Every structure is written in structure tokens, then in C-alpha cells.
Amino acid sequence: RLINTAIDEFSELYNRINFKFYSSLSLNTFEEELNETLLKNGTLSYGNEMIYKQSNNKLLLTIIDHLSLVNDGSSDVNKKQMDDISNAIKKYRNATKMSFIVTQQLTDGVEAQAKLKKPSELERIIVGNSDLRDTRNSYHDADIVILMFKPSKLSIEKWFKYKISKHFVAAYVSKNRDGDTAILPMLEKGAYGIINSIDIDADNYNLKYEDYYKNLK
């Protein structure tokens, strides 16, 4: 019954989402898509600035996965095109309160950095905004930035005292306009890509380490 309930809830959510897939996406097409969504849910006008009045209480959410794939169809990643999209996101977010989730790839800077550190230093290694691939303007435009990597790829046994396995995800909230930055230990569940935070301290987690991983299978 629980599975059937979950399927029904997911189906209802799925039907409320407007999925569109592009192999490439220019700035003009991106803004046209956003305007179409906004006009379905309110009125949009332009004067000295964009003015939007939403006619319902729907959550308007746009997800871009990932930023490096947003271009005009050329094979090369163009930093200017990525920056233009990031600026457009900031413009629409501020004018319409539309929410955006944008993923962006990282460089191999963490792996390179790890080679220069002592084993004891690796236990506190984090990803920084300098590790964002292709452009860092997205970091400056965003309200919240969460940088994530898997410590298991660095062949270390612990991260900030937490025991490591292939399911362990190290997350760092490096920017938060309305709150604090934070180090977040997390777990990835199986092939579904579901990531949950670990809500207990390292000492208690390490005592229950085996139980946590049994639940991930």
C-alpha cells in the first residue's frame, strides 16, 4: 500500500510538471520559455523594468541540468553564453519570484588539490567556488550555492570525522544570502540519486555506521 501511495503521489506531481528537453538552448529561447510559463500564470509587462503579477499560488520552478549544456548549438562551451543565462536567471528571479535550481559541473581541482595534501588534511577537504567549471559568475548570481563531491574518490577513510563509503556525499553550503554557510555530510541512496542529510554528529553516526548502509541497499 505504501508503494502504491508513493506511485500515485509521484504520478500526480509528474502530471503537474512541464518537461521540456533541449540538446542546446540559446538565451532567446530560454527567455521565450520563461515568458510563456509566466503568462500562463499571470500578467507580464515592461516599462523601465519587468513587472509581473501572478494570478495563482503555484510554485513556479525552473530546473536547468546542467549549465554547461546551455549554448547556441555550438560544440564548444561558451563562457559568455553561460554568463548571459545566469544573468537572465537573476533578472527573472528578482522580478517574478520564480525559483531556479541550476546544476553546474566541477573541475578536477579537488583531486589535484588532494595530491598535494597530507592524509590528515584530506579529512577536512572541501570544494570551493574556484572549482566551478567554465564560469564562476553563476556563484555570484545565486542566492544559495551547495558544492558537492564524493570523498571516497580521494581514498580517504573519514571526512570531518564521519566514516566514508561510496554512498557518502560531502556537501558544503558555500553561499547563503539569508542564512549561514555549513558543512553537510550526506548519503546517496542506491541508483535513484536520492540524497539525504545525516542528522546526527560524527560520533553517533560512526556507532550506527553499518545500520545506515544496510538501509541504502
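Look a little higher up for the structure.
Here the structure is a predicted model, which means the values were calculated and not measured.

## With respect to the overall build of the chain
Phase 1: Of the regular secondary structure elements, the chain holds 8 helices and 10 strands.
Phase 2: Looking at the chain as a whole, 34% of its 217 residues qualify as buried.
Phase 3: Taking contacts inside the chain between residues at least 6 apart in sequence as the whole, the part at least 24 apart equals 56%.
Phase 4: For the chain, the exposed area adds up to about 14600 Å²; of that, 50% sits on carbon and sulfur atoms.

## Considering the pairing of strand β2 (residues 50-54)
Phase 1: With 5 bridges joining them, strand β1 (residues 42-46) and β2 adopt antiparallel strand pairing. Bridged to Leu44 within β2 is Tyr52.
Phase 2: Remark: 3 residues form the turn of the hairpin made by β1 and β2, two consecutive strands paired antiparallel.

## Description of helix α2 (residues 27-40)
Phase 1: Taking 1.5 Å as the rise per residue, α2 with 14 residues should run 20 Å; its terminal C-alpha atoms sit 20 Å apart, in good agreement.
Phase 2: Listed as buried for α2 are Phe30, Glu31, Leu34, Asn35 and Leu38. Along α2, the residues classed as buried sweep out an arc of 130° about the axis, all on the same side. Counted as exposed and oriented over 90 degrees from the buried face of α2: Asn28, Glu32, Leu39 and Lys40.
Phase 3: Along its buried surface, α2 packs onto β1, β2, β3 (61-64), α3 (79-96) and β4 (99-102).

## A word on the pairing of strand β9 (residues 182-189)
Phase 1: As paired elements, strand β8 (residues 168-176) and β9 share 6 bridges and run antiparallel to each other. Bridge pairing in β9 links Phe168 to Leu187.
Phase 2: Between β8 and β9, which follow one another and run antiparallel, lie 5 residues.

## Regarding the pattern of salt bridges
Phase 1: Using the criterion set out here, one finds 8 salt bridges in the structure.
Phase 2: For Glu36, the salt bridge identified is with Lys40, shortest N-O distance 3.4 Å. With Glu36 and Lys40 both in helix α2 and 4 residues apart, this pair spans about one turn of that helix.
Phase 3: Judged by its relative accessible area of 58%, Lys40 falls in the exposed class.

## Brief notes about the sheet that holds β9
Two pairing modes exist for strands in a sheet, parallel and antiparallel, and in both the strands are linked by backbone hydrogen bonds.
Phase 1: Spatial strand order, β5-β8-β9-β10: 4 strands in an open sheet with antiparallel pairing. In the strand order of this sheet, the two ends are held by β5 (144-149) and β10 (194-197), each with one partner. On average, each strand axis in the sheet is tilted by 35° relative to the strand beside it, whichever way the strands run.
Phase 2: When β5 meets β8, the two strands line up antiparallel, connected through 6 bridges. In the sheet register, Phe149 faces β8, and the bridge partner there is Ala170.

## Quick notes on the side chain of Asp83
Phase 1: The residue Asp83 is located in helix α3 in this model.
Phase 2: Using a relative accessible area of 9% as the deciding quantity, one classes Asp83 as buried.
Phase 3: If sequence neighbours within four positions are ignored, Asp83 has contacts with Thr135 and Asn137.

## Concerning the environment of Ile146
Phase 1: Relative to the helices and strands, Ile146 resides in strand β5.
Phase 2: Given a relative accessible area of 45%, Ile146 falls into the partly exposed group.
Phase 3: In this structure the C-alpha to C-alpha distance between Ile146 and Ala171, which are 25 residues apart in sequence, comes to 6.5 Å.

## Quick look at a nonpolar patch on the surface
Phase 1: Taken together, Leu59, Leu61, Ile63 and Ile101 make up a surface patch of nonpolar side chains, about 410 Å² in accessible area.
Phase 2: Inspection of the secondary structure puts Ile63 in strand β3.
Phase 3: You can call Ile63 exposed: its relative accessible area is 56%.

## Let's talk about the layout of surface pockets
Phase 1: Taken as a whole, the largest pocket encloses approximately 1300 Å³ of empty space.
Phase 2: Every residue lining the largest pocket is counted, 29 residues in all, and those nearest its centre are Ile17, Asn18, Leu61, Thr62 and Ile63.
Phase 3: When residues of the lining of the largest pocket are assigned to their parent elements, the largest contribution, 6 residues, is made by α2.
Phase 4: As a volume, the second largest pocket reaches approximately 1100 Å³.
Phase 5: Looking at the second largest pocket, it is lined by 33 residues, and the ones nearest its centre are Ile101, Val102, Thr103, Ile144 and Ile146.
Phase 6: Broken down by secondary-structure element, the contributors of at least two residues to the lining of the second largest pocket are β3, α3, β4, α6 (137-141) and β5.
Phase 7: If one sorts the elements of the lining of the second largest pocket by residue count, β5 sits on top with 5 residues.

Analysis parameters
Residues numbered from 1 in each chain as written. Predicted model: local features only at pLDDT ≥ 70, side-chain atom pairs only at ≥ 80, totals over all residues. Heavy atoms only, no water. Helix = DSSP H or I, 4+ residues; strand = E, 2+ residues; numbered from the N terminus. Buried < 20%, exposed > 50% of the residue type's maximum accessible area, 1.4 Å probe, protein only. Contact = heavy atoms within 4.5 Å. Areas by Shrake-Rupley, 256 points an atom, 1.4 Å probe, with all protein chains shown as cover. Pairing = 2+ DSSP bridges. Expected span 1.5 Å × (residues − 1). Arc of directions from axis to C-beta. Salt bridge = Lys/Arg side-chain N within 4 Å of Asp/Glu carboxyl O. Axes fitted to C-alpha atoms, helices over the stretch in contact; angles between N-to-C directions. Patch = residues over 30% accessible without salt bridge, like charges linked within 9 Å, V, L, I, M, F, W, Y side chains within 5 Å. 1 Å grid on protein atoms, 1.4 Å probe; cavity = no way out; pocket = protein on both sides within 12 Å on 5 of 7 lines; lining within 4 Å. Points joined across faces, edges and corners; volume = space filled by probe spheres on them.

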